[in-house]
Amino acid sequence: MKITRKEILHTADLACLQLREDEIPGILSDLKTVLAYFNKLQALDTQNIPPFRHPRDDAPLMRKDEPGISLSQKDVLKNAPAAENPFFKAPTG
Amino acid sequence: MNKRLHQMSLSESRQLLDAGNIRCTDLVGAVLKRIEKINPGINAYITVDKEAVYDQAQKADRRISQKKARPLTGIPLAVKDILCTRGLRTTCASRMLENFIPPYDATAIEKIRRQDAVLIGKTNMDEFSMGSSGETSFFGATRNPWDPDRVPGGSSSGSAAAVAADACMAALGTDTGGSIRQPAAFCGITGFKPSYGRISRFGLVSYASSLDQIGTLTKNTEDAALLLDSLCGFDPKDATSADTAGPALTSALGTDISALTVGLPEEYFPESLDPEVKSALVRAAEKIEGLGAGVKKISLPRTGEAVAAYYIIASAEAGSNLARYDGIKYGYQNQVFDDLKDMYRKSRSEAFGKEVKRRILLGTHVLSAGYDENYYRQASRARTLIYNDFIDAFRHCDLILTPTVPAPAFKIGEKVHTPLNMYLSDVFTIPASLAGLPAISIPCGFCRRGLPIGMQIIGRRFAEQKVIALAHAYEKNTLWHLKKTDL
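Residues numbered from 1 in each chain as written. Chains lettered and ligands numbered in written order. Predicted model: local features only at pLDDT ≥ 70, side-chain atom pairs only at ≥ 80, totals over all residues.

A short note on the overall build of chain B
Helix and strand counts for chain B come out as 15 helices and 11 strands. The globule rule puts the C-alpha radius of gyration for 487 residues at 23 Å, and the 21 Å found for chain B is close to it. Principal axes of the C-alpha set define a box for chain B whose edges measure 65 × 55 × 45 Å. In chain B, 76% of the contacts between residues at least 6 apart in sequence involve partners at least 24 apart. (Helix = DSSP H or I, 4+ residues; strand = E, 2+ residues; numbered from the N terminus. Rg over C-alpha atoms; globule rule 2.2 N^0.38 Å. Contact = placed C-beta atoms within 7 Å.)

Thoughts on the overall build of chain A
A count of helical and extended segments in chain A gives 3 helices and 2 strands. N-terminal to C-terminal, the α/β element order of chain A is α-α-α-β-β. Taken over the C-alpha trace, chain A has a radius of gyration of 22 Å; the compact-globule value for 93 residues is 12 Å, which it surpasses by more than 25%. The principal-axis extent of the C-alpha atoms belonging to chain A is close to 55 × 45 × 20 Å. The buried share among the 93 residues of chain A stands at 13%. (Buried ≥ 20, exposed ≤ 12 C-beta atoms within 10 Å, placed from the backbone.)

Details of the packing of helix α2 (residues 24-42) of chain B against helix α3 (residues 50-65) of chain B
Residue and element names in this part refer to chain B. Two elements in contact, α2 and α3, have axes separated by 8 Å at closest approach and are oriented at 150°. In this view, α2 runs roughly antiparallel relative to α3, as classed from their interaxial angle. With respect to the hand of their crossing, α2 and α3 are arranged in right-handed fashion. Touching C24, T25, V28 and L32 of α2 are K50, V53, Y54, A57, Q58, A60, D61 and I64, all from α3. Here the residues of the contact of α2 with α3 sort into 8 nonpolar, 2 polar and 2 charged. (Axes fitted to C-alpha atoms, helices over the stretch in contact; angles between N-to-C directions. Parallel < 35°, antiparallel > 145°, perpendicular 65-115°, else oblique. Left-handed = near helix turned anticlockwise from the far one by under 90°. Nonpolar A, V, L, I, M, F, W, Y, C, P; charged D, E, K, R; others polar.)

Here's the deal with the pairing of strand β6 (residues 213-218) of chain B
Residues and elements named next belong to chain B. Among the 6 residues of β6, 6 are classified as buried, and the element is accordingly described as predominantly covered. Burial of the side chains of β6 extends over both faces: Q213, G215 and L217 are buried on one face and I214, T216 and T218 on the other. As paired elements, strand β4 (residues 170-175) and β6 share 5 bridges and run antiparallel to each other. Bridge pairing links G173 to G215 in β6. (Pairing = 2+ DSSP bridges.)

Brief notes about the sheet that holds strand β1 (residues 45-48) of chain B
All names here are of chain B. An order of β1-β3-β2-β4-β6-β5-β10-β11-β9-β7-β8 is seen for the 11 strands of this open sheet, with the pairing classed as mixed. A single partner strand is all that each edge strand has here, and the edge strands are β1 and β8 (294-298). Averaged over neighbouring strand pairs, the angle between their axes works out to 30° when direction is ignored. Where strand β10 (residues 439-446) and strand β11 (residues 452-459) come together, 7 bridges link them in antiparallel fashion. In the sheet register, F446 faces β11, and the bridge partner there is P452. Here helix α15 (residues 464-476) sits on the sheet in contact with β9 (399-403), β10 and β11, set at roughly 150° to β11.

With respect to the pairing of β4(B)
Among the 6 residues of β4(B), 6 are classified as buried, and the element is accordingly described as predominantly covered. Of the two faces of β4(B), both are covered, the one formed by B:A170, B:L172 and B:T174 as well as the one formed by B:A171, B:G173 and B:D175.

Quick word on the interface of chain B and chain A
Across the contact, 53 residues belong to chain B and 43 residues belong to chain A. Counting residues per element, the ones that place at least two in the side of chain B that touches chain A are α9 (306-321), α10 (340-351), α11 (354-367), α12 (373-393) and α13 (419-424) of chain B. When residues in the side of chain B that touches chain A are grouped by element, the largest group, 12 residues, is from α12(B). Considered class by class, the residues forming the side of chain B that touches chain A number 27 nonpolar, 15 polar and 11 charged.

Brief notes about α3(B)
Residues and elements named next belong to chain B. With 16 residues, α3 extends 23 Å between its outermost C-alpha atoms, agreeing within 8% with the 22 Å of an ideal straight helix rising 1.5 Å per residue. The set of residues buried in α3 consists of V53, Q56, A57, A60, D61 and I64. An end-on view of α3 places all buried positions within 140° of arc, on one side of the element. Counted as exposed and oriented over 90 degrees from the buried face of α3: E51, D55 and S65. Structurally, α3 contributes buried residues whose contacts are with α1 (10-18), α2 and β3 (118-123). Following α3 by one or two positions, K67 has its phi on the positive side, about 60°. (Expected span 1.5 Å × (residues − 1). Arc of directions from axis to C-beta.)

Let's talk about the environment of B:R383
Inspection of the secondary structure puts B:R383 in helix α12. Setting aside chain neighbours within four positions, we find B:R383 in contact with A:F52, B:A309, B:I313 and B:L434.

Some thoughts on α11(B)
Its 14 residues place the ends of α11(B) 20 Å apart at the C-alpha level, agreeing with the 20 Å of an ideal helix rising 1.5 Å per residue. With 12 of 14 residues buried, α11(B) lies mostly within the body of the structure. The complete set of buried residues in α11(B) reads B:V356, B:K357, B:R358, B:R359, B:I360, B:L361, B:L362, B:G363, B:T364, B:H365, B:V366 and B:L367. On its buried face, α11(B) is in contact with α1 (5-14) and α2 (24-38) of chain A together with α9, α12 and α13 of chain B.

Some points on the nonpolar core
Nonpolar side chains in soluble globular proteins tend to be buried together. Residue and element names in this part refer to chain B. By size, the foremost hydrophobic cluster in this structure holds 168 residues, and its most contacted members are L77, V118, C168, I312 and L470. A per-element tally of this core places α9 first, with 11 residues. Excluding residues within four positions of it along the chain, L77 makes contact with I112, A117, V118, L119, I120, C168, M169, A170, A171 and L172. (Core = buried A, V, L, I, M, F, W, Y, C linked by C-beta atoms within 7 Å.)

Notes on the packing of helix α7 (residues 221-229) of chain B against α15(B)
Residue and element names in this part refer to chain B. At a minimum axis separation of 9 Å, α7 and α15 run at an interaxial angle of 150°. As the angle between them shows, α7 and α15 are arranged roughly antiparallel. Note on element contacts: α15 touches α7 through I468, A471, H472 and E475, opposite T221, E222 and A225.

Some thoughts on the confidence of the model for chain B
Mean pLDDT over chain B: 96, with 99% of residues reaching 70 or higher. For this predicted complex, the interface score ipTM comes out at 0.95, while the overall pTM is 0.97. (pLDDT = per-residue confidence, 0-100.)

Quick look at the environment of B:D238
Residue and element names in this part refer to chain B. Summarising the element assignment, D238 is placed in the loop between α7 and β7 (261-265). Between the C-alpha atoms of D238 and L217, which are 21 residues apart in sequence, the distance is 23 Å. Each residue touching D238, except ones within four places of it in the same chain, is listed here: T107, S200, R201 and F202.

Here's the deal with unusual backbone geometry
The residue after A:N85, namely A:P86, is reached through a cis peptide bond having omega 0°. The peptide bond linking B:G154 to B:S155 adopts the cis configuration, its omega dihedral lying at 10°. Examined against the element boundaries, B:S155 turns out to sit in the loop between β3 and α5 (157-164). One non-glycine residue with positive phi stands out, namely B:K67, at about 60°. Relative to the helices and strands, B:K67 is located in the loop between α3 and β2 (76-80). For B:D166, which is not a glycine, the phi torsion comes out positive at approximately 60°.

Listed below in structure tokens is the structure:
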């Protein structure tokens, strides 16, 4: 399971990241090393072992749906790079 | 008392404040002066809230004079810059959130504010908690107060360095795979990661949600118990927080430890373990035996698989969590773009640092079609096995004693360019994180170079009491935690 240049560009596209040509070889080599290390898990016998779900598996998943006070529109928009009250402003396309 | 004001522990400050021997404004003045002195060299703080702290201190002084003080009233606390503080910049040490001012407080922050603790500032960290050395911060590396050429550990690098340098009474940090315990060990202080669920994560900026946990960095175990008692409890805003309200952790201080059995897992004492770390741990185990507890060898056979399992799971969760940074609702936005997708790509690529991008790519890759079975699902099964190892081990002992890190603090620049070597420095802290268990790191010696050595005590889930009892008993009979840097 060796990662290729083509795959890394595809993964970057999925993750909405743009890699500069000069950083690709370094990233590729780092990921190859780390993924090769990850492969040690393949030797682990996990037959009939269920995946770990969550450390709070016992926690109740549902709560009552009770309306409460939320943040004001003004506060929510305060950190937006662009806003036109009462909306976030995003580029088209 | 020969100690200067800024050198006080939380509990010592509490006593002096309540007795009327000092005022909170004096304490805050002493801490601010200390920060001014050490921060240019150590870079522990990203933001110091100079304007607001004296108002907070005066308010605390009034409350203390009315005899209405709570455990944290008037105590100058530092907070890792990943916990949202209303009106106070919260950066996660990233260019992405360089100017982000949260409109709300994290639940943990709300709790300390309600007691009128003084929130002195926000501490430096690895960007979005991704790092084990403090070097990935957009605001520059934090340095180790014991030796500025060495790392303080990470990712709660600034919180650990600030406590070790007496630039706050205590600090909050977060721990995903060791981010409280490892820097605590490198800086010679006490770092406690409670069980997953003990403290609400609401307002903690997410990295890996099934692992992230808030905890404390303090000058001793008593302070850890005091601070944790103020933070624990169920929060309706975090469905994974626990309502297992047990007795206060402070009630475990000074309790008898002779009925406890402590396990030493053979996998944590490999050939490659630094000899000075090994002998410090052997002496610590002897000390604990001398205090009346039982000590026996145990095994955690799947320890060797933990680092791989952790970095797959944590990266997968990170890839998903960090998808929220789109440059629209908050955070950095590139201003020269062709269309929406181009803006997303450019904003994220320009504002995330190298390690963050590396983990997003790793996480996206291990979850992508064709790879998820071999990586993510296999790692989740390995996590089950690692969890089961602990369940089995706790049939034979009450607590587990290990080194916190395989060696003392490494040099700045030593591992930052070889990610796998950096990841492997978390080898002893990761297993308890994967299993959601409480674990503390306390000082247990110094190497010949004068760098601190830490030991880790791991407990059963929600058995914080026993962890505190043993750590406190050890500390009461040793002097390691009292050593100060020359800074």
